[in-house]
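Chain by chain, the residues:
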Amino acid sequence: MSLKCKLYEEVRLKNEVTVEGINITDEVDLLLRNLDLGGKYQEEVHGMFEYDREPHAGIAHPVGFRSPNGFLFPFNSYRKSRFSIGYDKGSYILTENGNKVFDIDFLERPEYYRHTTSDGVQMKNIAVYNHEGVVFVTYSNECHLKEKGLDCLYCNINATKNTYADVEGIKWKYPKQIAETVKLAYEEPGRHHVTLTGGFVPEHREMDYYFDVAEAIQNETGLNDFNGTAVIGAPEDHGIIDRYKEAGYRTLAINIELWDKNIFKAICPGKEQLSGGWENWKSSLEHAAKVFGHGRVRSNIVAGLEPKRSTLEGVEYLASKGIVCFAGAWCPNPGSELENHRSPEPEWHWDLIMKMSEIFRRNGFTYDQLYDCSASANSCIHDIYRIEHGHSIVCKNV
């Protein structure tokens, strides 16, 4: 098997582990307690969502691990998974049905996690490190749609806050705290990118806050272009979008979540009723692409909540407008209305990933563009771009 085929098989396996999770048995729990989490290795911080199937307040989990060829695998626990963690000859290993797959390296903690802001807040609670130089800020760990009874049915942002906020010290983030954290994170080697997001808030309040954060980061870092993505709700006044670019954000994200209009209405009632409906989300994205440019606007579809055909139609249409639309595998998050439901099989998601990758390449999206507008540069599509370097796929059955 060629090296390229081996790399693809590793990414295919990453997709399976992402969908099915990691089984934390009692033996694995003991192994993890011997791991220097919060010291050498990076611990999970619940900045926005809980992706483990069972909440674990007060019990530290690693955020992920790297495979032999350097691909980053997420660490999301699920006791019914066939994948687990073992220890063999001095190394941690990934196992499948009890058999060794390969040695793994848990992800090391970034330096800025050891520091606090000037007002004494741990920086790890301000900006989560997603590796490859990407920091992710959830400025608010709650969504106001919940109190209106209009929560997105797949979302558990409020449940996550209720479970972890007190245990992990997660609170509202202020612009100066974010700016200080971003500055220190950007001092570490490699690429640099920051995503700013949060729960649903009225558009003008959201805009004013994001502008304050942009100004604070610019003042703290000295960078007019700090390579930031603002994740916003679809504004009914599209002129607001222009102002985000003027404020200094390089990219913008407006997450449409579902391409099928009727399923969108059922699954995302708040986005339907309070943000102009599905048509406004679509038209907001199209306007944003005109303002920010080709490959500088991102959206997301929750893959597995609608037919694959519909998701691919959305990805294709948005790509034709210069919009990068990812479709990460739906995780039936605990605390959401769809808890204990099932995402499609890994093969379903892998086929979607391969077709999306082709759509992205055909529409001229570069790796740099995918990096700059992503919340994480470690999706399977990012990995495929790393493998391909612009070349066509030559392996069988990939």
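Just so we're clear, the structure is a prediction, and the values are computed from it rather than from any experiment. (Residues numbered from 1 in each chain as written. Predicted model: local features only at pLDDT ≥ 70, side-chain atom pairs only at ≥ 80, totals over all residues. Heavy atoms only, no water.)

## Here we look at the packing of helix α10 (residues 308–320) against helix α11 (residues 346–362)
Right, so step 1: Following both chains from N to C, one finds α10 and α11 inclined at 15°, their axes separated by 10 Å at the closest point. Accordingly, the angle class assigned to the pair α10 and α11 is roughly parallel. Once α10 is placed against α11, the crossing between them reads as right-handed. Between α10 and α11, the contacting residues are Lys308, Thr311, Leu312, Val315, Glu316 and Ala319 on the first element and Trp348, Asp351, Leu352, Lys355, Met356, Ile359, Phe360 and Arg362 on the second.
Right, so step 2: Class assignment of the residues belonging to the contact of α10 with α11 gives a composition of 8 nonpolar, 1 polar and 5 charged. (Axes fitted to C-alpha atoms, helices over the stretch in contact; angles between N-to-C directions. Helix = DSSP H or I, 4+ residues; strand = E, 2+ residues; numbered from the N terminus. Parallel < 35°, antiparallel > 145°, perpendicular 65-115°, else oblique. Left-handed = near helix turned anticlockwise from the far one by under 90°. Contact = heavy atoms within 4.5 Å. Nonpolar A, V, L, I, M, F, W, Y, C, P; charged D, E, K, R; others polar.)

## Regarding helix α6 (residues 239–247)
Right, so step 1: Every buried residue of α6 is listed here: Ile240, Ile241, Tyr244 and Ala247. Axial view of α6: buried residues confined to an arc of 115°, hence all on one face.
Right, so step 2: Check the buried side of α6 and you find it contacts α5 (203–221), β10 (228–231), β11 (251–253) and α9 (277–292).
Right, so step 3: Following α6 by one or two positions, Gly248 adopts a phi angle in the positive range, close to 115°. (Buried < 20%, exposed > 50% of the residue type's maximum accessible area, 1.4 Å probe, protein only. Arc of directions from axis to C-beta.)

## Brief notes about the side chain of Thr95
Right, so step 1: Mapping Thr95 onto the fold places it in strand β4 (residues 91–96).
Right, so step 2: Those residues within four positions of Thr95 in sequence are excluded, and the remaining contacts are Arg82, Phe83, Ser84, Ile85, Gly86, Lys100 and Val101.

## Things to note about the sheet that holds strand β8 (residues 134–138)
Right, so step 1: Strand order across the open sheet formed by 7 strands is β7-β8-β9-β10-β11-β12-β13, with mixed pairing between neighbours. Lying at the two open borders of the sheet, with one neighbouring strand each, are β7 (128–129) and β13 (323–326).
Right, so step 2: Here α5 sits on the sheet and contacts β9 (193–197) and β10; the angle it forms with β9, its principal contact strand, is near 155°. (Pairing = 2+ DSSP bridges.)

## Re the pattern of salt bridges
Right, so step 1: Within this structure, the stated rule accounts for 29 salt bridges.
Right, so step 2: Here Arg66 makes a salt bridge to Glu132, at a shortest N to O gap of 3.1 Å. Pair noted here: Arg66 is in strand β1 (residues 64–66) and Glu132 is in the loop between β7 and β8, with a separation of 66 residues, a long-range link.
Right, so step 3: On the accessibility criterion, Arg66 (22% relative accessible area) is partly exposed.
Right, so step 4: When its relative accessible area of 30% is taken as the criterion, Glu132 is described as partly exposed.
Right, so step 5: In this structure, Arg250 and Asp225 form a salt bridge, with 3.2 Å as the shortest nitrogen-oxygen distance. With a gap of 25 residues between them, Arg250 in the loop between α6 and β11 and Asp225 in the loop between α5 and β10 connect regions that are remote in the sequence.
Right, so step 6: What makes Arg250 partly exposed here is its relative accessible area of 27%.
Right, so step 7: Linked through salt bridges whose partners overlap, the residues forming this network are Glu16, Glu20, Arg82 and Glu96. (Salt bridge = Lys/Arg side-chain N within 4 Å of Asp/Glu carboxyl O.)

## Describing the pairing of strand β5 (residues 99–103)
Right, so step 1: Inspection of the sheet shows β4 paired to β5 by 4 bridges, in the antiparallel sense. Pairing of Leu94 across the sheet is with Phe102, part of β5.
Right, so step 2: Connecting the antiparallel pair β4 and β5 is a turn made up of 2 residues, with Asn97 showing a positive phi of about 55°.

## Section: unusual backbone geometry
Right, so step 1: Even without glycine at this site, His131 takes up a positive phi of about 70°.
Right, so step 2: Its location among the elements puts His131 in the loop between β7 and β8.
Right, so step 3: Under the relative-accessibility criterion, His131 is labelled buried at 8%.

## Some words on helix α1 (residues 3–20)
Right, so step 1: Its 18 residues give α1 an end-to-end C-alpha distance of 26 Å, which sits within 8% of 26 Å, the value for a rise of 1.5 Å per residue.
Right, so step 2: The buried fraction of α1 amounts to 13 of the 18 residues, a majority that puts the element mostly inside the structure.
Right, so step 3: Positive backbone phi, at 80°, marks Gly21, one or two positions downstream of α1. (Expected span 1.5 Å × (residues − 1).)

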